[in-house]
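What follows is each chain in one-letter form.
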2 protein chains.
Amino acid sequence: MTGTLTTSMTTIAEEDLEALARGAAVLGTGGGGDPYVGRLLAAQALREHGPVELVPPADLPDDASVFPVAMMGAPTVMVEKTPSTERIGDTVAALAEHLGVTPTHIACIEAGGVNSTFPLVAAAQLGLPVVDGDGMGRAFPELQMVLPTLSGIAATPMSIADEKGNVGVLTTVDNRSAEALARSLTITMGCAAIISNYAMTGAQAREGLVAGTLSLCTRIGRRLEEVRAEHGDAVAAVAGELGGRLLHTGKVVDVARRTATGFARGSAVVAGESGDLVLEFQNEHLVARRDGVVQVSTPDLIIVLDTDSGEPVTTEALRFGHRVSVVAAPADERWHSPGGIALVGPRYFGYETDPVRFDGAGAP
Amino acid sequence: MTGTLTTSMTTIAEEDLEALARGAAVLGTGGGGDPYVGRLLAAQALREHGPVELVPPADLPDDASVFPVAMMGAPTVMVEKTPSTERIGDTVAALAEHLGVTPTHIACIEAGGVNSTFPLVAAAQLGLPVVDGDGMGRAFPELQMVLPTLSGIAATPMSIADEKGNVGVLTTVDNRSAEALARSLTITMGCAAIISNYAMTGAQAREGLVAGTLSLCTRIGRRLEEVRAEHGDAVAAVAGELGGRLLHTGKVVDVARRTATGFARGSAVVAGESGDLVLEFQNEHLVARRDGVVQVSTPDLIIVLDTDSGEPVTTEALRFGHRVSVVAAPADERWHSPGGIALVGPRYFGYETDPVRFDGAGAP
């Protein structure tokens, strides 16, 4: 964090979206979908309905009814199949009706590109404030991978809808079953669906969410603009905002990817002066290795930025020849608990390594 | 039909189940699941809760709330993964709650092995009468393939549940979307799920269902027992009950099958004195060819019986060396309408042939 005092945001307006989406893509660690798509959708909604009120979790009444909203699916698909925003309200309404509860606030469940701006569409359409927070403090590929799971909040009842008007409401025995069933519906819906899940009270949201995500994203986005205008070091600025550090800089010399069971999986090699850094991703960058030794891994953040501009690079935008810098930054401390590691540690994703924490120290 | 007067049934008790399940397997035309599984489940429920009242569609009040209940999935899986009957009530309750309607009657949506007896479990558990009818007059592999679809009744809202306690409620834009989404959930649920769908009023049930299915099944089953006791021609007796005729008799010399996307698909060759008859199936027998010429096809019934005993043979029980007789019989006339053929004609299943109707005439 910068440590500098910033005026706290109280609304999000159309003119904040560029910075917000850019910062969200940084926290998206390569996943979360193309920030451009989310930004376009949100811009349209904010232009039509006006700015959305931003409420810090600390200000939520205990009995608030907080409804997270997100896109589920393969980011590679979302780029080509822009979701119909008309269905967002239906998705929230389906869950609200099932629960017999009237939503008072919309929230982000993920600090990823699409999923940081997408809930603003719901908030604008429904005339509700949005919570300045999210369920991860970063992006992760599966539905159960949220801090509310760690604090015992059920993913379901959840609603899921496609752009045609098909809607499902799922009630599951655990949050991993919610992932499995919602994923199969998402795939049948064309690999992109709108979901509303982890409905929670204000008290639960204060405990379960990461506070300040949307203002942090906006701050990162603004800082990037400022530093670029000053021809400063954009990568260092992003690392500074996140309490992270530069891990590696170089050129992408190899990218292997495939879209399997609704995810974009693969790996990339970044060749630099200090050798090759291998990035393994599954929607998000999850493991960074040098000479076979893991430098940092999930749950900590592995962020790929364009070296010149500091612009975040999504895993689907990684291309041979791209000059990139890799920044590592600490995740929310709750992710390092045994329950957190079981949920999002490297072994869950099939990587044969214990988690390697961001050490915070030294030069790359 | 026999044309003989039969005392109409007013209840189904445990002692009726053997005949009912056997007759249902005949109408199942090779699909609908192993009748033994459905019979076991129903026997347990009827022993515990007593006989279930059987109501002809004509006796349904206009404002009755009829809830069909069925198993969805690959019959080959149901044989090994017996569903938990405790979840049937939850499945009906989930749909009833969503609709805000109290069910007054349970119904069969399919005249197949499992799906003719499975609804009796729901009826017994919930203390409700069961409608003496079904939605097809036979078995078909997909959810939208029911006569209520032809009379404009929506498949959804529908509920779907697995044995673990996961429950979904789907609302879809059309009945084919219901099939697609429920199928993907069924596959994720382990290829077998409990569903309740096509909830309808008594007036709609009278129009949309085939009347008399459960008593017809029981009559066929009883007739088979009688004829066998008299060492009579069991195959001819079945054909007589259905207004059908013997198409072919011989020995199974080849069976090819695979379970793909939740279905049991394949073909079988029955070698006889009059040449080879090739049966093509997708859960149910759908096309019968001799020398490349289609003899009879879906929607009419192609029924494979053990030549000696007249016992119905499901597609998953077909084995090399099995001596079988193939009976053709007419489907409900509504299936031969243009809408019916579009829904369940041979081309829908990928067979390059116009439908060939059972001609009712002559020797094989």
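Residues numbered from 1 in each chain as written. Chains lettered and ligands numbered in written order. Predicted model: local features only at pLDDT ≥ 70, side-chain atom pairs only at ≥ 80, totals over all residues. Heavy atoms only, no water.

Caption draft 1: Structural view of the environment of A:Ala203. Residue and element names in this part refer to chain A. Mapped onto the fold, Ala203 is located in helix α8 (residues 202-208). A relative accessible area of 32% means that Ala203 is categorised as partly exposed. For Ala203 and Asp291, which are 88 residues apart along the polypeptide, the C-alpha to C-alpha distance reads 46 Å. Not counting residues up to four positions away in its chain, the partners in contact with Ala203 are Pro61 and Asp62. (Helix = DSSP H or I, 4+ residues; strand = E, 2+ residues; numbered from the N terminus. Buried < 20%, exposed > 50% of the residue type's maximum accessible area, 1.4 Å probe, protein only. Contact = heavy atoms within 4.5 Å.)

Caption draft 2: The arrangement of helix α7 (residues 175-188) of chain A in detail. All names here are of chain A. An ideal rise of 1.5 Å per residue puts 20 Å on 14 residues; α7 measures up with 20 Å between its terminal C-alpha atoms. In terms of residue burial, α7 counts as a mostly covered element, since ten of its 14 residues are buried. For α7, the set of buried residues is Asn175, Ser177, Ala178, Glu179, Leu181, Ala182, Arg183, Ser184, Leu185 and Thr186. Where α7 begins, the side chain of Asp174 points an oxygen toward the backbone nitrogen of Arg176, at a separation of 3.3 Å. In the stretch just after α7, Gly190 is the one whose phi turns positive, near 100°. (Expected span 1.5 Å × (residues − 1). Polar contact = N/O pair within 3.5 Å; in protein donor to acceptor, adjacent residues only side chain to side chain.)

Caption draft 3: Region of the structure containing the environment of A:Leu20. Residue and element names in this part refer to chain A. Its place among the elements puts Leu20 in helix α1 (residues 17-27). Along the backbone, Leu20 and Ser116 are 96 residues apart, and their C-alpha atoms lie at a distance of 8.0 Å. In contact with Leu20, not counting residues within four places along its chain, are Ile12, Thr117, Leu120, Leu214, Cys217 and Thr218.

Caption draft 4: Spotlight on the relation of the copies chain B and chain A. Rotating chain B by 180° and translating it 0.0 Å along the rotation axis places it on chain A, where the RMSD comes to 0.0 Å. This pairing of chains is accounted for by a two-fold axis. For chain B, the minimum C-alpha distance to the rotation axis belongs to B:Val169 and amounts to 2.5 Å. Mapped onto chain A, 100% of the interface residues of chain B are again interface residues, and the two copies thus contact each other with one and the same surface. (Least-squares fit on C-alpha atoms with pLDDT ≥ 70 in both.)

Caption draft 5: Examining the interface of chain B and chain A more closely. Listed as interface residues are 17 residues of chain B and, on the opposing side, 17 residues of chain A. Taking both partners together, chain B and chain A bury about 1400 Å²; carbon and sulfur atoms supply 60% of that area. Taken together, the connections running from chain B to chain A amount to zero salt bridges. Our count for the contact surface shared by chain B and chain A stands at seven residue pairs in polar contact (both at pLDDT 80 or more). When contributions to the side of chain B that touches chain A are tallied by element, the ones reaching two or more residues are β8 (167-171) and α7 (175-188) of chain B. Top element by residues in the side of chain B that touches chain A is α7(B). It accounts for six residues. Split by residue class, the side of chain B that touches chain A holds eight nonpolar, eight polar and one charged. (Buried area = accessible area lost by both parts, 1.4 Å probe. Salt bridge = Lys/Arg side-chain N within 4 Å of Asp/Glu carboxyl O. Nonpolar A, V, L, I, M, F, W, Y, C, P; charged D, E, K, R; others polar.)

Caption draft 6: A look at the pairing of strand β2 (residues 52-55) of chain A. All names here are of chain A. Two strands pair when backbone bridges link them, and strand β1 (residues 11-12) and β2 are joined in this way by two bridges, in the antiparallel orientation. Bridge pairing in β2 places Ile12 opposite Val52. As paired elements, β2 and strand β5 (residues 130-131) share two bridges and run parallel to each other. Bridge pairing in β5 places Leu54 opposite Val130. (Pairing = 2+ DSSP bridges.)

Caption draft 7: Fine view of the pairing of strand β3 (residues 65-73) of chain B. Residue and element names in this part refer to chain B. Judged by how many residues are buried, β3 sits mostly within the fold: nine of nine residues are covered. Across the two faces of β3 the burial is the same, with Ser65, Phe67, Val69, Met71 and Gly73 and Val66, Pro68, Ala70 and Met72 all buried. Sheet topology note: the β3/strand β10 (residues 200-201) ladder contains two bridges and is antiparallel. Across the sheet, residue Ser65 finds its bridge partner in β10, namely Thr201.

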